[in-house]
Amino acid sequence: MPGSLEERYIRLEVISGKNLQTPSDRIPAGIYIFINVDSRRRWKSATSVLSSEQSAAWGDTVTLSSRVSPAFSVEIRAPYEVDRMLGSGEVIGKLQMSWDELLDHGDESFDISFPPVCDVYPSLTLKAAAIYACDNQDDALSDSLLDCDIARDTDAGHAQFVEYVTSENVSHLNAAVERFQLVLDQCPVNHLDHATALTNLACARLRGYIRRDLQDIDTTTSLFREALALRPQHNPDHPLSLYNLTEALKWHHKKTLTAADIREAAQLYNELLPLCPEGTYLRSIAAGADGVDYVIDGCNNLPKDVSDEGICLRRVVLELCPLGHEHRPRALDKLSGDLKLRFTQCGNIDDLDECIQFRREAVSLCPEGHARRHHYLNNLALSLKVRFDHQGKPNDLDEAISLHEEALRLRPVGHESRDISLNNLGHTLTTRFKGRGNIDDIIRAASFYREALTLRPTGNSRRDIALNNLAVALQVRYEELDVSEDLNEVINLYRESLQLNRHGHPERHRTLLNLSASLCSRFMQTQENGDVEEAINICQQALVTLSSLHPDTMFSYWRLQVAYQSRYRILHNPADLALAVENFRLASGHPTQGFPERIKVAYRWVTAAEEHSHASVLQAYTTFFNLLDRHLATRSSTISRREAATAFRYARTLPVDAASCAIRCDDLRHAVELVEQGRGQQWSLASRLKTPVEDLELANPTLAHNYLELSKRVSNAAQSSATIADKAAADQAATEYRRLTRQWEAAVAEIRNLRAFSRFLLPPSYEDLQAAAHHGPVIILIASQYSCSAIIVPTSGDPHHVPLPSIALTDLKTLKDCFTRAIRHASRMNPAELRTDLIVLLRKVWDEIMLPIVNVLQQDLKLKLHSRIWLCPTAAFTSIPLHAANPFQTKADRSGKEPCLEDLYICSYTPTLSALVRSRQLMKKRVPPSFVAIGQGQPGAGKGKALLAVDSELELVHKLVPATANRTTISGDAATRAGALQGLEENTWVHLACHGKQDITQPYNSHFVMRGEHLTLLDIMERDIPHAEFAFLSACHTAVGDEETPDEVIHLAAGLQFSGFKSVVGTLWRVDDAVAPHVVEAFYKYMFNPKENGVMDCTKAAWALNRATHAVKTKVPLEQRMVFIHIGV
């Protein structure tokens, strides 16, 4: 070996280290290596972050001279500051070895081990090589680190603290605290090392507290808080300061279970974890069982808290449990539970929707075989049942039952929670039976309740619930099957339950109310006054126990009403009826109960008031309509609104019944308002987002702009929610819809504060509705179970009542069926044959319906010949071709035939008065006309027979439309759903020649048959076409209504009017493709008179149709002339 050791230099590479455990067990800011060169000079590596495996990597290189020191001396140190070190940090290990040992490994890396720390041997991986020349090697070395009193005292404090941790000798703790306190005294508040001094002292004190050698935790926590305040966000030492404070809070919670500690720790962890990179030691400790997992468990064990702070904490805990975290299902469960409780207390449906969303996720995270799946299934089912109670969505109830059934399967006989599932499933089945009447549901419910009762024998703390539940099912079964034994058992079960539910029990009021119902049922059987007196008394007891805003207060009012009305039915004391009505009023107006229950109460109020001829009947009708309107407004799509409305199909005659009642009360104006409000809800809820605001724009442009923007956003949200299939996503979309709706309602409220707009979007008053009669009277035909009549709304003044004593509701239904048969028969006849059956029916329509109306028009209103009139039929009247009424008689002087309705007046229809008013308002905005003719005669296989005359009809129309208009034709392959929609949106005038199909059960699926996909009514309604003017629907069944909501005229022609077309020609039944072109040609010839120089005026459509049907009498048979009707302006 050339030369001597004294003459050589050594190049040392510090590669990495492992098993780097601090003796004090503190989490370091990093690890660095110290090499002592001589008494004055040292070499210090970079500080490396400690990994989760307690290793570190450097790759630093230093050149050392062997002549300045007899041996190689190295230290591993752990600083507790990233930004600015105070002292040298804590020593993990020291080692001294000869230079020859260091050079004994050739060119290979090698490990050196240090004395053990906590039974683990720290080690370094090095690489050393001898070199024989080195220039400026001293430049790589530095003087000793800052050598001052506070640095020496800090290092001494670390050394004493390590001694305390390893020996558990309190004297070392006292010495460490004394040293660290001395350093703190020398680092006042504005000193750069003040935060470090605070932290070192606090860490020593915390360890003493953990070992019970110090009792004061508050001072320690305050020191950590002060240090954190000095290390805000973006300070390199901020994460460690956060962690240190969480440790103090966590240990205090472990010893005292103080909720405030664990709440604050959760908030701090939520800030800390994103600052801890994956793979670091700090992350592994903070995210481990003794870190955030302890905090999560502590928070999950906190009692329910529905305050904003409590819900916020639950959200924080959920953020601490990302996808894949084992505690996420429980965190979801806890947050959803508090949201559900807040909903029951405050009634915000968004809380319930979010609860369901979280519970769906919890179920999805616990697949088949998961030990807690039954628990999460049960909770999701309970939430869906609550939402059903509030909103009445049948799918929610069906899903809840399905989930409860799965939960029950996962809780077999012997499972500790089987009784809970039995009761919950029984409850949902009972609810479904009440709504749908399937006897199997109530039989199953009673069976489940009996099994649950056997699992809760005498002495069981929950036996009272089982008794009450079984009683409810038996009572429902009694009401359906009238088994008197059930009723007596019900009363006995409730009494036993009350014995167990002493005063003060939170559920006692429910048992009282249920017992009251059973006693009333028995009173109606036996007429024993004691039963009804007890029923009234216990209802009043229940009311006393409930707060005024408790949701169940509504049921107390309801049960009191039942008791008073029961007594009235037997004893006929008017005071009892008055008390029943007052409780109807209180129950229907109770603000914290869901709309479906309150709507049911209002309906019962209507029926009771009608039955007993009580003066509150009109108020009852109005309450029903207002509640239904508010309920439907919570739905985010047209389809879901209709589903919500059809849930109350038992009340579908109420609009006409309300009008009939108002007529009997001689309040015709109110009759008009009620029939309009009740019939027009589907349209009004959607059209309120499309209300013209020209006047508002002039009065307050800012409010108008805000309103229009919100209307657009609400409408878009409604459309998007209608297409979502995923249940969780649908719930989120519904929540967003309601959030936007609340903003929209606030904007509307602000508009109503303007004096001229105080009734903006409110149910229209008679004065508002009379605008529909601006160009001629509107005749509302009311078909009620109580009476059939007409109300004529004139251009000015009060409405006129026209009794129709010769016709009843049953007669109208018979007449409808007769027309159906007569038209079907006529379609098979030769065109020249006399339509005797139709003639007889139309004569009946004239004599019994239209003649009394015509008499009033002529004699009272002095209406001129050929004036415009609008027919607004309701209920069974919507199926009668009123416009075709005809006496088919020769005049007495034999000078000719008696005039028919269309000889006297130009007839149009309108689905509602509001629709006609809105169309007139939209007429203020007109643009240059453009005309599109859309035809599809060859839609494809399975879509109806080919319509051979379509192309020739389109050519004919094209020729007749003035050349001054921009004319377009869409046919053949171009006549698709998309093509037709584009044509509707881009043109002001439209002619549609194709098959039209009416879907009676789901009218929004009624459609025009196109190539490929159908063009549905829903497609048309969801388009905003404000400049559209006229549409001619040369298709079948375009103006036929809906079975489920017969007082809402939901058909293709009305859909076009709603979407913006002011004037529409539609058809009542199948159009004969062979003769329709005759009517079409005659119509457009009258519509576009050459003498008018191409003027296109959609208000002429009714007159043009009237003239056309007269003109083609010799070419077109009767049923094909009367098939066409005009709707709109």
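Keep in mind that what you see is a predicted model, and the values were worked out from it rather than measured. (Residues numbered from 1 in each chain as written. Predicted model: local features only at pLDDT ≥ 70, side-chain atom pairs only at ≥ 80, totals over all residues. Heavy atoms only, no water.)

A. Local environment of the overall build of the chain. The number of helices and strands found in the chain is 43 helices and 23 strands. Relative to its length of 1129 residues, the chain is extended, with a C-alpha radius of gyration of 42 Å against a globular reference of 32 Å. Taken over the C-alpha atoms alone, the chain extends approximately 150 × 85 × 55 Å along its principal axes. The buried share among the 1129 residues of the chain stands at 57%. A fraction of 70% describes how many contacts in the chain between residues 6 or more apart in sequence connect residues 24 or more apart. Of the roughly 47500 Å² of accessible surface on the chain, 50% is carried by carbon and sulfur atoms. Looking at charge distribution, the chain has the averaged site of its 121 positive side-chain charges lying 8 Å from that of its 140 negative ones. (Helix = DSSP H or I, 4+ residues; strand = E, 2+ residues; numbered from the N terminus. Rg over C-alpha atoms; globule rule 2.2 N^0.38 Å. Buried < 20%, exposed > 50% of the residue type's maximum accessible area, 1.4 Å probe, protein only. Contact = heavy atoms within 4.5 Å. Areas by Shrake-Rupley, 256 points an atom, 1.4 Å probe, with all protein chains shown as cover. Lys, Arg positive; Asp, Glu negative; His and termini not counted. Charge placed at Lys NZ, Arg CZ, Asp CG, Glu CD.)

B. Looking closely at the sheet that holds strand E4 (residues 56-65). Ordered in space as E4-E1-E8-E7, the 4 strands form an open sheet in which the pairing is antiparallel. Two strands close off the open sheet at either side, each with one partner strand: E4 and strand E7 (110-113). Taken over all neighbouring pairs, the strand axes of this sheet differ in orientation by 30° on average, direction set aside. When E7 meets strand E8 (residues 123-131), the two strands line up antiparallel, connected through 4 bridges. Along E8, the bridge assignment pairs Asp111 with Thr125. (Pairing = 2+ DSSP bridges. Axes fitted to C-alpha atoms, helices over the stretch in contact; angles between N-to-C directions.)

C. Quick look at the packing of helix H21 (residues 553-571) against helix H23 (residues 595-611). Interaxial distance between H21 and H23 falls to 12 Å at its minimum, and their mutual angle equals 15°. Relative to H23, H21 is oriented roughly parallel. Considering the relative orientation of H21 and H23, their crossing is left-handed. Packed against H21, whose contacting residues are Met554, Phe555, Trp558, Gln565 and Arg569, the element H23 presents Glu597, Arg598, Val601, Arg604, Ala608 and Glu611 at the interface. (Parallel < 35°, antiparallel > 145°, perpendicular 65-115°, else oblique. Left-handed = near helix turned anticlockwise from the far one by under 90°.)

D. Molecular detail of the pattern of salt bridges. Scanning the entire structure with this criterion turns up 46 salt bridges. Among the ionic pairs, Asp973 bridges to Arg1011, the shortest N-O distance being 2.3 Å. Pair noted here: Asp973 is in the loop between strand E16 (966-971) and helix H38 (977-986) and Arg1011 is in the loop between strand E19 (1007-1008) and strand E20 (1015-1016), with a separation of 38 residues, a long-range link. Judged by its relative accessible area of 25%, Arg1011 is partly exposed. Look at the salt bridges and you will find they share partners, linking Asp398, Arg432, Arg436 and Asp441 into a network. (Salt bridge = Lys/Arg side-chain N within 4 Å of Asp/Glu carboxyl O.)

E. Focus on the state of the cysteines. Inspection of the entire model under this criterion finds 0 disulfides. No disulfide involves Cys203; its sulfur sits 15 Å from that of Cys276, the nearest cysteine. What makes Cys203 buried here is its relative accessible area of 9%. (Disulfide = S-S within 2.5 Å.)

F. Structural context of helix H19 (residues 508-526). With 19 residues, H19 extends 27 Å from end C-alpha to end C-alpha; this agrees with the ideal 27 Å at 1.5 Å per step. Among the 19 residues that make up H19, 14 are buried, leaving the element largely enclosed by the rest of the structure. Gln527, located one to two residues past H19, shows a positive phi value of around 60°. (Expected span 1.5 Å × (residues − 1).)

G. Here's a closer look at the packing of aromatic side chains. Per the stated rule, a full pass over the model turns up 15 aromatic pairs. Aromatic pair Tyr1084 and Phe1088: ring centres 5.8 Å apart, planes at 20°, arrangement stacked. Phe1088 shares its class with Tyr1084; the two are buried. Members of the aromatic cluster, joined through ring pairs, are Phe931, Trp989, Phe1030, Phe1032, Phe1083, Tyr1084, Phe1088 and Phe1124. Looking at Lys254, its charged tip hangs above the ring of Trp251, at a distance of 4.1 Å from the centre. A cation over a ring is seen here: Arg664 above Tyr786, with NZ or CZ 4.8 Å from the ring centre. (Phe/Tyr/Trp six-rings, centres within 6.5 Å; stacked < 30°, edge-to-face > 60°. Lys NZ or Arg CZ within 6 Å of the ring centre and 35° of its normal.)

H. Geometry of helix H13 (residues 373-391). With 19 residues, H13 should reach 27 Å at 1.5 Å per residue; the first-to-last C-alpha distance of 27 Å fits that figure. With 17 of 19 residues buried, H13 is to be regarded as a mostly interior element.

I. Broad picture of the pairing of strand E22 (residues 1063-1067). Most of E22 sits out of view: 5 of its 5 residues are buried. Pairing of strand E21 (residues 1030-1034) with E22, which is carried by 3 bridges, proceeds in the parallel orientation. Residue pairing in the sheet places Ala1031 in a bridge with Val1064 of E22. Of the strand pairs in this sheet, E22 and strand E23 (residues 1124-1128) are connected by 5 bridges, and their pairing is antiparallel. In the strand pairing of E23, Val1065 is matched with His1126.

J. Expanded view of a nonpolar patch on the surface. A surface patch of nonpolar side chains, amounting to about 240 Å² of accessible area, comprises Ile439, Ile443 and Leu481. Relative to the helices and strands, Ile439 resides in helix H16 (residues 439-454). (Patch = residues over 30% accessible without salt bridge, like charges linked within 9 Å, V, L, I, M, F, W, Y side chains within 5 Å.)

K. Quick look at the nonpolar core. Ranked by internal contacts, the top residues of the largest apolar core, which has 165 residues, are Ile849, Met850, Leu882 and Phe1083. Here this core gets 12 residues from one element, more than from any other, and that element is helix H34 (residues 836-859). In this structure Phe1083 touches Phe1030, Phe1032, Val1065, Ala1101, Ala1104, Leu1105 and Ala1108, once residues within four positions along its chain are discounted. If you look at the next biggest cluster of nonpolar residues, it comprises 107 residues, including Ile76, Trp99, Leu282 and Val317. (Core = buried A, V, L, I, M, F, W, Y, C linked by side-chain atoms within 4.5 Å.)

L. Spatial organisation of the confidence of the model for the chain. Residues with a pLDDT of 70 or more make up 90% of the chain, whose mean pLDDT is 86. With pLDDT under 50 throughout, residues 1-5 is counted as low confidence; its partners more than four residues away or in other chains account for 7 contacts. For residues 685-690, every residue scores under 50 in pLDDT, and the model assigns this stretch 22 contacts once sequence neighbours within four places are set aside. (pLDDT = per-residue confidence, 0-100.)

M. Fine view of the sheet that holds E19. Here we have 3 strands laid out as an open sheet, ordered E18-E19-E20, and antiparallel in their pairing. Two strands close off the open sheet at either side, each with one partner strand: strand E18 (996-997) and E20.

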